[in-house]
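Structural overview
Each chain, written out:
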Amino acid sequence: MTLDTGVVWLTIFVLSVFVGIEVISKVSSTLHTPLMSGANAIHGIILLGAILVTGTTDNNIALVVGLIAIVLASVNMIGGFVVTDRMLQMFSRRKPAKKQEQAAQKDGAA
Amino acid sequence: MTLDTGVVWLTIFVLSVFVGIEVISKVSSTLHTPLMSGANAIHGIILLGAILVTGTTDNNIALVVGLIAIVLASVNMIGGFVVTDRMLQMFSRRKPAKKQEQAAQKDGAA
Amino acid sequence: MPAMPTWIQLVYLACGVCFILALKGLSGPKTARNGNIVGAIAAVVACLTPFFWTDLHLHHIPLIVAAIAVGSAGGVYGARTVQMTQMPQMVALFNGVGGGAAALVALLELHEVIANGGNAPWFNLAATAFTIAVGSVSFAGSIITFAKLQELMTSRPVVFRGLPIVFGAALVAVVVLAVLLVNDPQMWAGIVLGMVGLLVGVLLVLPVGGADVPIVISLLNAFTGLTVAAGGYVLSNVLLLIGGTLVGASGTFLTLLMARAMGRSVTNILFGALRGASTLGGGEISTRPVKSVTPEDAAIMLGYADRVIIVPGYGLAVAQAQHTLRELVDVLGERGAKVDYAIHPVAGRMPGHMNVLLAEAQVPYEQLREMDQINGDFKDADVALVVGANDVVNPAAKTTPGAPIYGMPILNADEARQIIFMKRSMRPGFAGIENELLFDEKTSLLFGDAKDSMSKLLNAVKAL
Amino acid sequence: MPAMPTWIQLVYLACGVCFILALKGLSGPKTARNGNIVGAIAAVVACLTPFFWTDLHLHHIPLIVAAIAVGSAGGVYGARTVQMTQMPQMVALFNGVGGGAAALVALLELHEVIANGGNAPWFNLAATAFTIAVGSVSFAGSIITFAKLQELMTSRPVVFRGLPIVFGAALVAVVVLAVLLVNDPQMWAGIVLGMVGLLVGVLLVLPVGGADVPIVISLLNAFTGLTVAAGGYVLSNVLLLIGGTLVGASGTFLTLLMARAMGRSVTNILFGALRGASTLGGGEISTRPVKSVTPEDAAIMLGYADRVIIVPGYGLAVAQAQHTLRELVDVLGERGAKVDYAIHPVAGRMPGHMNVLLAEAQVPYEQLREMDQINGDFKDADVALVVGANDVVNPAAKTTPGAPIYGMPILNADEARQIIFMKRSMRPGFAGIENELLFDEKTSLLFGDAKDSMSKLLNAVKAL
Ligand SMILES: NC(=O)c1ccc[n+]([C@@H]2O[C@H](COP(=O)([O-])OP(=O)(O)OC[C@H]3O[C@@H](n4cnc5c(N)ncnc54)[C@H](OP(=O)(O)O)[C@@H]3O)[C@@H](O)[C@H]2O)c1
Ligand SMILES: NC(=O)c1ccc[n+]([C@@H]2O[C@H](COP(=O)([O-])OP(=O)(O)OC[C@H]3O[C@@H](n4cnc5c(N)ncnc54)[C@H](OP(=O)(O)O)[C@@H]3O)[C@@H](O)[C@H]2O)c1
């Protein structure tokens, strides 16, 4: 391996920056809200880090702190993906429309 | 370093693939020719590899082969960038137009 | 931690690729839902790996699983029950807890480093300090944001004398503590750093006005991404690095995109209040005469129009009048009018928010028109019905070079034959400037809470 | 090689970022030239590093510098003197030598590994074998491509009985040799592998017809990129890996984009001839009656037209008539006609080639119109002047589901009031199918070499 560890990480970081920007640069404004919320869920991957540090500690305080981190990270990750899906479901649900619409109308939209 | 050398290279490769595709995915067909030729010049960076292997060998046959590789790679790299620039210069040159145009016309376009 | 087995490294790389595909998917309407699902699967798979990494000898498995269950239950509950109008605060909350988790993880890793003699490379310690500080900022900032939007506290900018000084001092403290930590890793320094980070987060968001909050949410989202990336470096975990960086980079880009769509600069939003410039509408209520109408008059204008364009805005979301509006549009449609919704990219409380709200109200997709598509149609419209929107139709954006919204593209409601504005008062919109369109002779104002007037209007149209 | 100093690693990373920015720049009209320059600077800087890497103790510096000078001189000479019409062969040639260089570098590295006892990880040896084989394919394939386009050999598909069998055998040999090399690195195996690679390259390109060659060039370009990337792995050089991969990925994507624009599949182009389907126009010359005109008649049609649209194509490039055409357009413009060029994305000998040719002829940018912009204008045009184009205006693309070009978007020249075709004969275009438009009653044919007829036409218009 000719690369220093630091340079490896820097390289992966720099390339990821480009990917991150380029990949979403064509997004339409319609999707801004779900995109933000989906990206939000992705950084919930800190859960993985929380599990790793919590599961390898022997200190009780550290364990408690770690468990709190796991709870918080799970909220971020799972909640984020679920709420994004819920929004996107609404987007796709309304396509067939018409019949459902009238049904919904009868239910009475308050 | 928790990563195997092979995985590091694979990671850099995979990320570069995404960057390569995303970065040019919005190109207009007008620029296809210069883009192809510019990309072509970029892989002329094999010149760097050729210099490194040639400059560290002590075997005479290897030296000769290495020098051939250097010549070929320089043609690729330098020629590629120059010809791309020449094309792009033509693109930008014609914007002011009109006056130059008539001058050129008098020169007589054969 | 023992050396990571190659298969786990490869799984993480694959999950990283899935995150890229997820973001890519999320940026296209057809692929969005699948993209989100791909991201979710990758995240879940990645979180399962520690349980199968035998050399790791993972301890406390029951507790960990319980913690995951609690967190997931909370997340799912929140995600399922949240109102679509409350989406900005939900995103803020989820984002904040993620940042908090990252800060805690970094503190634990610091503890580990100290327990092992404190001999980590300086760059590692710097990344640890970064994660602790920025994670805390993100946590506290998001919580305040949440409180503002959820109206647990005032949504007006909170500024007090000396705020800039306290803020500056806190920033200096962060830097000093980080340097300390790098030179000589100590647990107390990490903990204090986290607490000062919390303070910075609070002070950063307090002076921001309610309408600017979405930009701040997006920015904090990007911050958390970078925090997670730094955490990945600290833990030598490539998936955290890739995932965090993707979010950090795309989030920053998205923030700038949004700020540009609003014709504002991010620094101005963040530090405008500190510098004394108010970022919330001045609230100067004009006393110039306007034409006010009753719901019955408005119903007649609408009921006999052939072409109606609805301009929904922030106030519609606040009043939650979108369902009633949809009913009104259906009734008008039955009466033979062609009705469309004109969606401005920054209408609502966060970018793209109107689309989500109207999707929830089951407005058919074909009736939603983006700004560029519909702007040419206003001149043929009999009525433009502006519901709880203001700045997005303010002609000052085109005509008044000094105005804060100058240069922001707007919806050309002023070109319609008649304009009906539904709002509660003569207060200006978020930008705090008068809207000349309110005084136009083609304009009629229908005062009242949007939900309220909307039902009256609906009934009046039905009675025609 | 000694351990690489950190500063060199960082320089390489920075150069890699510059390559990304170069590609990004090259894909936008305003940034293209700067993008190319950024790439060039990065490449030069990277190639200087070995001279400053003191621990490397670089030998043979004078020889190396001389070799660089020779190669650069050759490259610059070629780049400066090449005709714009010959751009495809120039790109092919540059690409080929790059591939050749990569193969040689891999052979040298193999030599090094063997000299050090042959104990390299299997994946390293596999990458070496890949570089040798694919680099050779790229070299030989590009040389044949060059020869075809430069008309050093026939541009028709060359197929002989048993070609598929020889080709298959060569492929098997490549695999066998690669496996051998990985199991037991031997110099002879590497050299034979390279030679078989050359054979594969020749056999791959021989059966491809002239008009398909650009796709092959683009594909070989991508191949060379991947070769360089593999070479980077072999040499543990991250810049080669990044640069090569960028080109490999973007080149593959570009190839697919081009193939789609032509309504063809890449496998069909490469292996069509092997499977027996001809990839060059059948050359069946129709004997159906057509209306042929003299340059004088055509001059009258053009001279009194108010709106003329020029459709330049492959034949214009072959005949090099673009300068005369431009003169004609200027004269028509002076006579008061509005004249535009309609550019089909795959007109010419390589994608975007027409743009380069017309830029060289100093056609002002405003007169060039892309397909989507101009297609609506044909119905208002008095004359569509089709110069050396054929398939790109063939209505069969819309009307004949079985046709090889079916589904390819075309220029709507058939909607013009009159159509003048300048071509030499009744031979079909590249796709080898009859063009119904030639027999349309609105169509007049002006037979002859485009350059020739164009000067006659020009003189006739001037004489009006
Ligand atoms: N979407 C985003 O991402 C985002 C983020 C941050 C900032 N912004 C900014 O927010 C603004 C959005 O423009 P906009 O036109 O949608 O909103 P706006 O300019 O803020 O106007 C909202 C209008 O709704 C009225 N309103 C509020 N509550 C109401 C209720 N319950 N019933 C009836 N009317 C009500 C208000 O007037 P009364 O008080 O008189 O009722 C106000 O005039 C833009 O300036 C944009 O730059 C947008
Ligand atoms: N641009 C690319 O990237 C690319 C790459 C590969 C393939 N292609 C394919 O190439 C075709 C391009 O379409 P196109 O319409 O431009 O060309 P085309 O369909 O090949 O037609 C060219 C026409 O030019 C005439 N011609 C040739 N030499 C001439 C000369 N010296 N003077 C006058 N006329 C001459 C030929 O007719 P005569 O022989 O009767 O003179 C022929 O009909 C498409 O089918 C495309 O798919 C394009």
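These numbers were taken from a predicted model, which means no experiment stands behind them.

1. Considering the overall build of chain A
Across its full length, chain A carries 5 helices and 0 strands. Counting from the amino terminus, chain A carries its helices and strands in the arrangement α-α-α-α-α. Residue burial in chain A is summarised as follows: out of 110 residues, 64% are buried. For chain A, the accessible area works out to roughly 3600 Å², and carbon and sulfur atoms hold 62% of it.

2. Remarks on the domain arrangement of chain C
When the parts of a complex come together, some accessible area is lost, and that lost area is often used as the size of the interface. All names here are of chain C. Looking at chain C, the domain boundaries give domain 1 (82-275) and domain 2 (295-462). A straight line from the C-alpha centre of domain 1 to that of domain 2 covers 37 Å. Contacts between the two partners involve 16 residues from domain 1, matched on the other side by 15 residues from domain 2. Between domain 1 and domain 2 lies a buried interface of about 1400 Å² when both sides are counted; carbon and sulfur atoms form 69% of it.

3. Things to note about the pairing of strand S5 (residues 418-423) of chain C
Residue and element names in this part refer to chain C. Across the 6 residues that make up S5, a large majority, 5, are buried. Summarising the sheet, S5 and strand S6 (residues 443-447) pair through 5 bridges and their orientation is parallel. Bridge assignment links Ile419 to a residue of S6, and that residue is Thr443.

4. Examining the packing of helix H2 (residues 32-42) of chain A against helix H9 (residues 238-261) of chain C
Running from N to C, H2 of chain A and H9 of chain C cross one another at 155°; their axes reach a closest spacing of 9 Å. As judged from the angle between their axes, H2 of chain A and H9 of chain C are roughly antiparallel. Once H2 of chain A is placed against H9 of chain C, the crossing between them reads as left-handed. Contacts from His32, Leu35, Met36, Ala39 and Ile42 of chain A in H2 of chain A reach Gly243, Val247, Leu254, Leu257 and Met258 of chain C in H9 of chain C. Residue classes in the contact of H2 of chain A with H9 of chain C are distributed as 8 nonpolar, 2 polar and no charged.

5. So, helix H11 (residues 295-303) of chain C
Within H11 of chain C, burial applies to Pro295, Ala298, Ala299, Met301, Leu302 and Gly303 of chain C. At its buried positions, H11 of chain C is contacted by strand S1 (307-312), helix H13 (322-334), strand S4 (383-387), S5, S6 and helix H17 (450-463) of chain C.

6. Focus: a nonpolar patch on the surface
Residues and elements named next belong to chain C. Among the surface-exposed residues, Trp7, Val44, Leu48 and Phe52 lie close enough to one another that they form a single nonpolar patch of about 400 Å² accessible area. Broken down by element, the residue count for the nonpolar patch peaks at 3 residues, all from helix H2 (residues 32-52). Looking at where Val44 falls in the secondary structure, it is placed in helix H2. A residue is classified by how much of its surface remains accessible, and Val44, at 39% relative accessible area, is partly exposed.

7. Quick look at the sheet that holds strand S6 (residues 443-447) of chain D
Residues and elements named next belong to chain D. Spatially, S3-S2-S1-S4-S5-S6 is the arrangement adopted by the 6 strands of the open sheet, whose pairing is parallel. Of all the strands in the sheet, the pair left with one neighbour each is strand S3 (368-370) and S6. Taken pair by pair, the neighbouring strands of this sheet meet at an average axis angle of 25°, ignoring direction. Sheet topology places strand S2 (residues 338-343) next to S3; 3 bridges connect them, and they run parallel. Bridging from a neighbouring strand, Tyr341 pairs with Leu368 of S3. Running at roughly 145° to S2, helix H13 (residues 322-334) makes contact with strand S1 (307-312), S2 and strand S4 (383-387) of the sheet. In the packing of helix H17 (residues 450-463) onto the sheet, the strands contacted are S4, strand S5 (418-423) and S6, and the crossing angle to S5 comes to about 130°.

8. What to know about the interface of chain B and chain A
Each partner contributes to the interface: chain B provides 15 residues, whereas chain A provides 15 residues. For the pair chain B and chain A, the number of links is 2 salt bridges. Ionic pairing is found between Lys26 of chain B and Glu22 of chain A, a salt bridge with its closest N-O pair at 3.5 Å. At the junction of chain B with chain A, the criterion picks out 4 residue pairs in polar contact (both at pLDDT 80 or more). Split into classes, the residues belonging to the side of chain B that touches chain A amount to 9 nonpolar, 4 polar and 2 charged.

9. Side note on the interface of chain A and chain C
In this assembly, 83 residues from chain A lie in contact with 110 residues from chain C. Regarding the contact of chain A and chain C, the summed buried area is about 8700 Å², with carbon and sulfur atoms giving 75% of it. Viewed at the interface, chain C and chain A are joined by 1 salt bridge. Here Arg33 of chain C ties to Asp85 of chain A by a salt bridge, and the two come within 2.9 Å at their closest N and O atoms.

What counts and what doesn't
Residues numbered from 1 in each chain as written. Chains lettered and ligands numbered in written order. Predicted model: local features only at pLDDT ≥ 70, side-chain atom pairs only at ≥ 80, totals over all residues. Heavy atoms only, no water. Helix = DSSP H or I, 4+ residues; strand = E, 2+ residues; numbered from the N terminus. Buried < 20%, exposed > 50% of the residue type's maximum accessible area, 1.4 Å probe, protein only. Areas by Shrake-Rupley, 256 points an atom, 1.4 Å probe, with all protein chains shown as cover. Domains from an automatic or database assignment. Contact = heavy atoms within 4.5 Å. Buried area = accessible area lost by both parts, 1.4 Å probe. Pairing = 2+ DSSP bridges. Axes fitted to C-alpha atoms, helices over the stretch in contact; angles between N-to-C directions. Parallel < 35°, antiparallel > 145°, perpendicular 65-115°, else oblique. Left-handed = near helix turned anticlockwise from the far one by under 90°. Nonpolar A, V, L, I, M, F, W, Y, C, P; charged D, E, K, R; others polar. Patch = residues over 30% accessible without salt bridge, like charges linked within 9 Å, V, L, I, M, F, W, Y side chains within 5 Å. Salt bridge = Lys/Arg side-chain N within 4 Å of Asp/Glu carboxyl O. Polar contact = N/O pair within 3.5 Å; in protein donor to acceptor, adjacent residues only side chain to side chain.

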